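Each chain, letter by letter, is given below.
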Amino acid sequence: MIAAKNSDYDIPVEEVVTRIATLLTGMAKFWSDSAGWAPHDAAQMLAQSRLDRLASMAETLKRWVEIPLEEISDGDLIMAWTNLGSLVEGTLKLFLCVYLRDFKADDENTKRTQAYHGKKNLLLDPDGLRMHVLIDYFEKAEILPADELDLAKRIQSKRNTIHVFKDLDIGSGRDFEAAVKEFRQMLLSINSRLPYPDPIYEPREF
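Attention in this report is confined to the structure presented alongside it. Here the residue numbers are simple positions, counted from 1 along each chain's written sequence. Only residues with pLDDT of at least 70 are given local features in this predicted model, and only at 80 or more are side-chain atom pairs given and counted; all residues enter the totals for whole chains, interfaces and linings. The basis for every side-chain value is the complete set of non-hydrogen atoms in the structure, without hydrogens or water.

## Some thoughts on the nonpolar core
The nonpolar side chains of a soluble globular protein tend to be buried, and buried together. By size, the foremost hydrophobic cluster in this structure holds 64 residues, and its most contacted members are Trp 31, Phe 176 and Phe 183. Every helix listed is a DSSP run of H or I at least four residues long, and every strand listed is a run of E at least two residues long, numbered separately from the N terminus. The element contributing the most residues to this core is helix α5 (residues 74–98), with 13 residues. Working rule for contacts: check all heavy atoms of both residues, and any pair within 4.5 Å makes them a contact. With near-sequence residues (within four places) excluded, Phe 176 lies in contact with Leu 61, Trp 64, Val 65, Leu 77, Ala 80, Trp 81 and Leu 84. Throughout, nonpolar core names a set of buried Ala, Val, Leu, Ile, Met, Phe, Trp, Tyr and Cys residues whose side chains join them through atoms within 4.5 Å. Whether a residue is buried, partly exposed or exposed follows from its accessible area with a 1.4 Å probe, protein chains only, as a fraction of its type maximum: under 20%, in between, or over 50%, in that order.

In structure tokens, the structure reads:
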């Protein structure tokens with residue numbers, strides 16, 4: 001579990017989701033129009049990506065925390081995990097797109113994952129990688145700390161419950177709320193590692 005900071009886990013989950021949405025909206029706005037700051041190939045990929053939908057999915061997260069814990073259905077919980085998983089996946093893709101040149105130069109780690117297509121001798125673009133491949137690369141490249149990797153893996157596992165025919169553990173409403181709060185910390189950490197030209201451009205959660 002990602003360590004709490006300054007009693008952040010005492011913040012109501014509704015407020016946490018609002019902060020996530022505000023921060024991701026700011027990140028999407030900046031990086032979707034980063035020409036002149038980001039390297040050309042990175043800026044081009046970011047401009048073509050649907051970062052606006054990532055921001056919209058962050059807003060959608062609000063509907064799942066409005067349901068009382070004792071009333072949330074299995075279907076709602078599955079969709080909630082799917083929503084949160086999409087945000088984790090999108091955030092990881094955003095990070096790699098920003099650092100596209102570093103990603104492309106990392107032969108050692110990309111070739112150890114499915115980010116590299118061995119038969120075609122081709123490195124796949126990060127914006128098209130599946131969530132499990134992203135997590136595998138971030139782990140092998142040691143980009144994320146262990147607690148954030150653990151969170152991403154837990155959310156991915158719960159997200160897979162969208163395949164409803166198979167009996168998979170969907171956890172509980174409390175598990176989901178805890179994961180949302182941990183994701184906020186992960187998002188803040190990732191955003192702090194992105195290269196903004198000046199602090200005034202850095203997105204905030206308020």
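## Some points on the layout of surface pockets
Roughly 280 Å³ of volume is contained in the largest pocket. For the lining of the largest pocket, the secondary structure elements donating two or more residues are α3 (51–60) and α5. Considering each element in turn, the lining of the largest pocket owes the most residues, seven residues, to α5. For the lining of the largest pocket, the per-class residue count stands at seven nonpolar, three polar and six charged. Lining residues are defined by having an atom within 4 Å of a point belonging to a cavity or pocket. Those points lie on a 1 Å grid over the protein atoms alone, cavities being sets where a 1.4 Å probe fits but cannot get out and pockets being open sets with protein on both sides within 12 Å along at least five of seven lines. Grid points are joined across faces, edges and corners, and a volume is the space filled by probe spheres set on the points. Taken as a whole, the second largest pocket holds about 190 Å³ of empty space. Considering the residues around the second largest pocket, the lining is formed by Glu 89, Arg 130, Met 131, His 132, Gln 156, Arg 159, Asn 160, Ile 162 and His 163. Broken down by secondary-structure element, the contributors of at least two residues to the lining of the second largest pocket are α8 (131–140) and α9 (146–159). Each residue is assigned to one class: nonpolar for Ala, Val, Leu, Ile, Met, Phe, Trp, Tyr, Cys and Pro, charged for Asp, Glu, Lys and Arg, and polar for all the others, Gly among them. Within the lining of the second largest pocket, the residues separate by chemical class into two nonpolar, four polar and three charged.

## A few points about the packing of aromatic side chains
Two aromatic rings from Phe, Tyr or Trp, using only the six-membered ring of Trp, form a pair when their centres are within 6.5 Å; if the ring planes differ by under 30 degrees the pair is stacked, by over 60 it is edge-to-face, and anything between is tilted. Across all of its chains, the model carries nine aromatic pairs by this definition. For the ring pair Phe 30 and Tyr 196, a centre distance of 5.0 Å and an interplane angle of 65 degrees mean the geometry is edge-to-face. In this pair, Phe 30 is assigned in helix α1 (residues 13–31) and Tyr 196 in the segment after α10 (173–192), connecting sequence segments 166 residues apart. For Phe 30, a relative accessible area of 15% gives the class buried. On the numbers, 5.1 Å between centres and 85 degrees between planes, the contact of Phe 103 with Tyr 137 is edge-to-face.

## A closer look at the pattern of salt bridges
Salt bridges are defined as contacts in which a side-chain nitrogen from Lys or Arg sits within 4 Å of a carboxyl oxygen from Asp or Glu. Throughout the structure, instances matching the rule amount to 13 salt bridges. A salt bridge links Glu 59 to Lys 62, with the nearest nitrogen and oxygen atoms 2.8 Å apart. Here the salt bridges do not stand alone but share partners, grouping Glu 15, Arg 19, Arg 184 and Glu 205 into one network.

## Describing the environment of Arg 19
Within the secondary structure, Arg 19 sits in helix α1. Accessibility expressed as a relative area gives 13% for Arg 19, which makes it buried. Distance in space between the C-alpha atoms of Arg 19 and Arg 204 is 8.4 Å, their sequence separation being 185 residues. The residues touching Arg 19, leaving out its near neighbours within four places in the chain, are Ile 11, Arg 184, Glu 205 and Phe 206.

## A word on the environment of Thr 113
Mapping Thr 113 onto the fold places it in the loop between α7 (107–110) and β1 (116–117). Spatially, the C-alpha atom of Thr 113 lies 6.7 Å from that of Val 133, the residues being 20 residues apart in sequence. We define a polar contact as two N or O atoms separated by no more than 3.5 Å, with the added condition that, inside protein, one atom must be a possible hydrogen donor and the other a possible acceptor, whereas residues neighbouring each other in sequence contribute only through side-chain atom pairs. Among the polar contacts made by the side chain of Thr 113, one reaches the main-chain amide nitrogen of Ala 115 at a distance of 3.0 Å.

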